[in-house]
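Structural characterization, general
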Amino acid sequence: MLRIRILTASILGAALLVCLFALPAPWAVLVFAAVFTAAAWEWTGFGSLRSRAARIAYTGVLAALLAFSWRWSVSPAHLLTLLELACIWWAIALLWLAVAPGQQRPALALCCGIPVLVPAFVALARVQVAEQGFARGPEMVLWMLLLVFAADIGAFFAGRSWGRHKLAPLVSPAKTWEGALGGLAAVALIALIGTVHFGLPVAAGVAFGCAVGIYSVIGDLTESMFKRGAGLKDSGSLLPGHGGILDRIDSVTAAAPLYALGLVGAGVIR
């Protein structure tokens, strides 16, 4: 299984690099939109939608919201508002995870797909097409993704080696505090490398990177909460060894809005 996971991850990594650095910006945005539309299709499983017509309708609504939000966020003020609301939502999600992870309803889960998927798409796409900042847009997106990957990979190996104390047993029994700390250490390392590479203030850059990494864990746990509520092990089966699209972008859905908000709020991108 680990070999299959590594092979799939390698193929996805190569495709990601092509998307970020080889495609023209409008085409990269379309690829992001396609990925998040596919994720919306998988999200229908969290709302117990069974008929194809209902799943198509929900996915169509989410796709329309992606397109509308992309156009609406052309205004810097609108973009800032969307990202701020997204970060508030993820703070609420953290409270939900801590207090009542079992309190779910299919209709509520479907509604939650909007704040999970729409702002994350806009955040990624707006950073990708940014024409100013400490680096080119694709490089800024890649750094954010490396922070997320570091949190995931670091937690996986640290958890397997030293995991003892459960992080969120009602949501994701396999995750441990030791794994989370190992992931955070990996994030801090990637954040440090990034700040040095891009010539950013070290303390602020590492702190910002760690915050993004922590939010990525919230995104991961939130998707696990919805999967558990729907009685699902994976969101889909498209990616061998990894499950579905949502299983790969769950951490990004929470990390991307915070990352983009930090860049927009600091005036790094507009």
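Further up the page is the structure itself.
Every value quoted in this text rests on a predicted model; they were computed, and no experiment measured them.

The grouping of Val18, Leu23, Trp27, Leu30 and Val31 at the surface amounts to a nonpolar patch, some 460 Å² of accessible area in total. Examining the composition of the nonpolar patch, we find that three residues originate from one element, helix H2 (residues 25-43), more than from any other. Within the fold, tryptophan 27 resides in helix H2. Relative accessible area serves as the criterion here: at 55%, tryptophan 27 is assigned to the exposed category.

End to end, helix H4 (residues 76-99) covers 35 Å across 24 residues, agreeing with the expected 34 Å (1.5 Å per residue, within 8%). Among the residues making up H4, those that are buried are Leu79, Leu82, Leu83, Ala86, Cys87, Trp89, Trp90, Ala93, Trp96 and Leu97. For H4, the secondary structure elements touched by its buried residues are helix H3 (52-72), helix H5 (106-128), helix H8 (202-230) and helix H9 (245-265).

The residue alanine 168 is located in strand E1 (residues 166-168) in this model. Of the residues examined, alanine 168 reaches a relative accessible area of 16% and is grouped as buried. Counting along the chain gives 57 residues from alanine 168 to methionine 225, while the straight-line C-alpha distance between them is 9.7 Å.

Looking now at the side chain of glutamine 104. By the secondary structure assignment, glutamine 104 is in the loop between H4 and H5. For glutamine 104, a relative accessible area of 15% puts it in the buried group. At 2.8 Å, the side chain of glutamine 104 forms a polar contact with the backbone oxygen of methionine 225. With near-sequence residues (within four places) excluded, glutamine 104 lies in contact with Trp96, Met225, Phe226 and Gly229.

Criteria and cut-off values
- Residues numbered from 1 in each chain as written.
- Predicted model: local features only at pLDDT ≥ 70, side-chain atom pairs only at ≥ 80, totals over all residues.
- Heavy atoms only, no water.
- Patch = residues over 30% accessible without salt bridge, like charges linked within 9 Å, V, L, I, M, F, W, Y side chains within 5 Å.
- Areas by Shrake-Rupley, 256 points an atom, 1.4 Å probe, with all protein chains shown as cover.
- Salt bridge = Lys/Arg side-chain N within 4 Å of Asp/Glu carboxyl O.
- Helix = DSSP H or I, 4+ residues; strand = E, 2+ residues; numbered from the N terminus.
- Buried < 20%, exposed > 50% of the residue type's maximum accessible area, 1.4 Å probe, protein only.
- Expected span 1.5 Å × (residues − 1).
- Contact = heavy atoms within 4.5 Å.
- Polar contact = N/O pair within 3.5 Å; in protein donor to acceptor, adjacent residues only side chain to side chain.

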